[in-house]
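# Notes for the structure review
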Amino acid sequence: MKTIVMKFGGSSVGTPERIKNAAHIALEASKKNRIILVVSAFYGITDRLLECARAAEQEGNNYDTLFDAIAERHWSAARELHGGKINKSLIAEIQQLLDNLHDILHGVNLLRHCPPRALDLTASFGERLSALIISAYINRKHPSLFADARHFVVTDDQFTHAEVLFEQTNAAVQSYFKNVWTSRQRNAIPVVTGFVGSTEDGRTTTIGRNGSDYTAAILGAALNVSVIEIWTDVDGVLSADPREVSDAFVLPSVSFEEALELSYFGAKVLHPATIAPAIARNIPIHIKNTLNPTAPGTLIGKPQGDAEPVAKGITSIDHVTLLNLRGIAMVGVPGTAERLFRSLASHKVNVILISQASSEHTICFAVKTQDVVRARKAIQQEFTYELSAGVTAVDERPAQTIIAIVGEGMKGIPGVSGKVFQSLGLNNINISAIAQGSSERNISFVTDSQNKTRAINVIHQAFFEERKRLYLAVVGVGNIGATLLKQLHQQRQFLLNKGFDVRVCAVADSKRFVVNHNGLDLTRWQDVLHHSQHKMDLHLLAHHIADLKLTNVALVDCTASSEVVNAYPVFVQANMHIITPNKKANVLPIKEYNTLVALLNKRKKFFLYEANVGAGLPIISTLHDLIASGDTIVKIEGVFSGTLSFLFNSFNGTTPFSKLVHEAQLAGYTEPDPREDLSGQDVARKLLILARQLGWNMDLNQIPHENLVPAKLQKGAFSKSFHDDYAKHDAEMNKRYVSAQKRGAVLRYVGVLNNKKAMTGLLEYPANHPFAGTKGSDNIIAFTTQRYSKTPLVVQGPGAGADVTAMGVFSDILKLLNYLAY
């Protein structure tokens, strides 16, 4: 028969119903195993007891109110567990414990002082009352006995954090349980008080907060049990804190060493000291969930021997201050580190992390913020001379968090640290200090606490998540934006199959915006946006998205708005990439453009704008590829306007040009004011964008463009009378058409980059020229390069329309997914 120590604590004994559930689990296990049950105080009681003791130090009897609440909590639990009928012996035992507790509090009140010894004695009543009540409940269904750990857990007299004396404890535990298992009560389930012990002369001590886990391990090691089960309210050891990482998952197994590292750096599932006794006897620890007993949980033990994942978990320590002792006096001087850490230890300062530069010029270390004053005092006393002489100084960086990545699989694997720090760097997360143990199973770093959530998520995605995740904030949900959202919904499964998890975390139009941390339902985003209470404010939108602390977020600007472009720096500062068909950022005055590009580079953010030129055609990417491959661009020319392409592909002299313009406007092929298309300004903008890809410091006013609207019709607000007035000039356009036709040529409105110059205008091309073969609203761009000198590289296809433009934006989203580091 196996012997199992089962520990129940936290919220698993938070209510009578949960206590019943825990008891049922123990009773089921007892059918095949010998069980020892270790319990903690009822949920929250230890805090209430300590609060009561502190209240008792004050004048008056305010502590009585707190005591009454504690007493009623236990009476209520007993009544509910026993169906309202508590037997007399249990009533007497509970009352005796409560009377003893009240006497201690009364004594504290008389003295106006609660020394650590009295604090420990007060705190012990939580476990003593819970174990008594739970034991009595189990005894109704199966023999059980109340076991006070003070009879066999022997400690020193460091009250509130006593050290266990293992030699005496092991002997006492073995003797106690030998007597139990050879007595008439050998079938009974002992219900042991966790957290408490006693000195050799019988004074009550506690072994640290959450010490019930430790108690279970102490008993398990002393009795060499088969397994120690820690029953909590989570399914096991998680890859990260689920409050920080929504996709944290249960680890099926963790080695003893990994568990030690995780618990040291703040993992909440285990008391840090719990693991040591289990390691000494090689006893596995099984973490299970009282509320989900069928879940497999996490087994802590020897490494499985199979191929281990590179990393197992991420954990953190908050409320840390980083101190940096630096100065030339330290260089080449032996013993400086020894002096530092000896002085810190003498002032009871616990150093959590150490990082020393090889130059010996600095020693960087982290302490809990509550220890900073003592640390500062220790340094000032030890290095008085050096500090006063100005050859040594101390820097402090408060509000820091230590984050640790733990895993046996990191040992001997090159590139693990690079992956960590590249991921953090690409997300603009600065690191204050770095440390890695010689075991190579832990990489730790310190960062500003405000970066904690993003940093943990960045690393979790890099090491644990199968799919790259990208969040999108789509601003502008007209034709292009709405089409893009439709495409994202339709291609959701395709993207998942390719290993990409793309979620739309925000949608905005000119009136409202809506934000959702988990991603919006793309089947009903219109309804959610319509009912949103958030009035559109670009700065507020950026702030809301930044508050989500997401990793890999991109602003998708599907507007033609200068206001949105002016807010790009705000979004970049909020750690967002930019994807847009909006040309206005790329045609800003050169100084503003360079400032934006510099900010993007500084923040390591991608700016993708394939749809700026050619809608869905790969114009920008083709140009970038040519340059990246080492080719030299000689000339770029093409039909860049879908509207003007349609007009001149349709213009054959039979229908007046003005009528074609009017028909195109009615069909939605032009801007609301067709003069914008006819001005050639849009073609000039696209040329400027391409010129800047070539490194030309050019502004829009440097590009001459032929305006197809007579000067007297260019000014003033657009009205329907424009078409009648424009018709008066049809003869001029017809004359140009006839002239070209006589020479066997066609008219095309083109843009040309050549010899550091740019121009746009209506030119003639022979019938056998590629530009003469365009149809509909085709764009066609020819790249003449050093390699493509005889026959230009030509890209041709639809250059306008919501579908193809949205497709261009979609292609940029795919590019960004591939650019991301993980």
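Residues numbered from 1 in each chain as written. Predicted model: local features only at pLDDT ≥ 70, side-chain atom pairs only at ≥ 80, totals over all residues. Heavy atoms only, no water.

The next point concerns the overall build of the chain. The number of helices and strands found in the chain is 30 helices and 29 strands. Since a compact globule built from 822 residues should have a radius of gyration of about 28 Å, the 37 Å found for the chain marks it as more spread out than a globular shape. The C-alpha extent of the chain, read off along each of the three principal axes, is 120 × 70 × 60 Å. Taken over 822 residues, the chain has a buried fraction of 54%. A fraction of 73% describes how many contacts in the chain between residues 6 or more apart in sequence connect residues 24 or more apart. Summed over all atoms, the accessible surface of the chain reaches about 36600 Å², with 51% contributed by carbon and sulfur. (Helix = DSSP H or I, 4+ residues; strand = E, 2+ residues; numbered from the N terminus. Rg over C-alpha atoms; globule rule 2.2 N^0.38 Å. Buried < 20%, exposed > 50% of the residue type's maximum accessible area, 1.4 Å probe, protein only. Contact = heavy atoms within 4.5 Å. Areas by Shrake-Rupley, 256 points an atom, 1.4 Å probe, with all protein chains shown as cover.)

Attention now moves to the packing of aromatic side chains. Two numbers describe a pair of aromatic rings. These are the distance of the centres and the angle of the planes. Taken as a whole and assessed by the stated rule, the structure comprises 20 aromatic pairs. Ring geometry for Phe152 against Tyr176: centres 4.7 Å apart, planes inclined by 50 degrees, an arrangement best described as tilted. On the criterion of sequence distance, the pair formed by Phe152 in the loop between β3 (144-147) and β4 (154-155) and Tyr176 in helix α6 (residues 166-181) is long-range, its members being 24 residues apart. Note on Phe152: relative accessible area 0%, which makes it buried. Taken together, a centroid distance of 5.6 Å and an interplanar angle of 45 degrees make the contact between Phe177 and Trp181 tilted. You can see Phe177 and its partner Trp181 sitting in helix α6, 4 residues apart, about one turn around the helix. (Phe/Tyr/Trp six-rings, centres within 6.5 Å; stacked < 30°, edge-to-face > 60°.)

With that out of the way, let us pick up the pattern of salt bridges. Applying the stated rule across the entire model yields 39 salt bridges. Several salt bridges converge on common partners, so that one network encompasses Asp247, Glu465, Arg469, Arg492, Asp501 and Arg503. (Salt bridge = Lys/Arg side-chain N within 4 Å of Asp/Glu carboxyl O.)

A few words on the pairing of strand β14 (residues 362-368). Counted residue by residue, β14 has 6 buried out of 7 residues, so it is predominantly covered. As paired strands, strand β12 (residues 313-326) and β14 are joined by 7 bridges and run antiparallel to one another. What sits directly across from Leu322, in β14, is Ala366. (Pairing = 2+ DSSP bridges.)

Another aspect to go through is helix α14 (residues 452-463). For α14, spanning 12 residues, the distance from its first C-alpha to its last is 17 Å, which sits close to the expected 16 Å at 1.5 Å a residue. Residues of α14 that are buried: Lys452, Thr453, Arg454, Ala455, Ile456, Asn457, Val458, Ile459, His460, Gln461, Ala462 and Phe463. Structurally, α14 contributes buried residues whose contacts are with β12, β15 (393-406), α13 (416-426), β17 (442-448) and β18 (468-475). (Expected span 1.5 Å × (residues − 1).)

The backbone of Thr160 sits at a positive phi, close to 80 degrees, despite the residue not being glycine. By the secondary structure assignment, Thr160 is in the loop between β4 and α6. A positive phi angle, near 55 degrees, is found at Asn552, a position not held by glycine. Locating Asn552 in the fold gives a position in the loop between α18 (538-547) and β22 (553-557).

Next up on the list: the nonpolar core. The biggest cluster of nonpolar side chains holds 79 residues, and the ones touching the most others in it are Phe648 and Leu678. Broken down by element, the residue count for this core peaks at 7 residues, all from helix α26 (residues 681-693). What Phe648 contacts, discounting residues up to four positions off in sequence, is Phe657, Leu708, Met733, Leu747, Arg748, Tyr749 and Leu762. In this structure, Ile86, Leu98, Leu119 and Val191 belong to the second largest nonpolar core, which totals 55 residues. (Core = buried A, V, L, I, M, F, W, Y, C linked by side-chain atoms within 4.5 Å.)

In space, the 5 strands of this open sheet follow the order β27-β26-β25-β28-β29, with antiparallel pairing throughout. Every other strand in the sheet has two partners, leaving β27 (757-766) and β29 (793-798) as the edge strands with one partner each. Across the sheet, the mean angle from the axis of one strand to that of its neighbour is 20 degrees, orientation sign disregarded. Set on the sheet, helix α23 (residues 642-650) makes contact with β25 (633-639), β26 (745-754), β27 and β28 (778-785); between it and β26 the angle comes to about 155 degrees. Set on the sheet, α26 makes contact with β25, β26 and β27; between it and β26 the angle comes to about 35 degrees. (Axes fitted to C-alpha atoms, helices over the stretch in contact; angles between N-to-C directions.)

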